[in-house]
Amino acid sequence: MATAETLRDLAISVLDEHKALDIKSIDVRKQTDITDYLIIASGTSDRHLRALADAVMARMREEGVKPIGKEGLTVGDWVLVDLGDVVIHVMRPEVRDFYQLERLWGELPQMRSQSEGH
């Protein structure tokens, strides 16, 4: 089974190969139990977004990883690919600027572990 870090690195590599713009990885392990890493990238058009998401999903399947879910392939401004430990958001630049996920996740308070403060 691939580690979260392996999935993250592979997804970033595929996005880079397919000319995604402004690729960012955010470690959210201290903020949520839902996933370990968010990857956020931009694409130049709805066709580019779909191509990026399709390329990531195809590469993951080659590695034996089946995406848990995908959203937005028919909409065109924001595509999400859920790999479990890694969630990938590919957006048009104007949508990314509007939602500012990097800032949102960066500003969340750090969760304390159960062993702290007891």
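It should be noted that the structure appears before, not after, this text.
Cut-offs applied
Residues numbered from 1 in each chain as written. Predicted model: local features only at pLDDT ≥ 70, side-chain atom pairs only at ≥ 80, totals over all residues. Heavy atoms only, no water. Core = buried A, V, L, I, M, F, W, Y, C linked by side-chain atoms within 4.5 Å. Buried < 20%, exposed > 50% of the residue type's maximum accessible area, 1.4 Å probe, protein only. Helix = DSSP H or I, 4+ residues; strand = E, 2+ residues; numbered from the N terminus. Contact = heavy atoms within 4.5 Å. Pairing = 2+ DSSP bridges. Axes fitted to C-alpha atoms, helices over the stretch in contact; angles between N-to-C directions.

## Re the nonpolar core
Among the nonpolar cores identified, the biggest contains 24 residues, and Leu15, Val56, Met60, Leu83, Val86 and Ile88 are the most heavily contacted of them. No other element matches the 7 residues that helix 2 (residues 46–62) contributes to this core. Not counting chain neighbours up to four residues away, the residues in contact with Leu83 comprise Leu7, Met60, Val65, Pro67, Ile68 and Ile88. Among the nonpolar cores identified, the runner-up in size contains 8 residues, and Ile26, Val28, Leu38 and Leu101 belong to it.

## A look at the sheet that holds strand 2 (residues 37–42)
Taken together, 5 strands build an open sheet; the order of strands is 1-2-5-4-3 and the sheet is mixed. Because the sheet does not close on itself, it has two edges, and the strands there are strand 1 (21–27) and strand 3 (69–71). Going from strand to strand, the sheet's axes swing by 10° on average, the running direction of each strand aside. Against the sheet, helix 1 (residues 4–17) engages strand 1, strand 2 and strand 5 (86–91), with an angle of about 5° to strand 2. Across the sheet, helix 2 touches strand 2, strand 3, strand 4 (78–82) and strand 5, and the angle it forms with strand 4 is around 10°.

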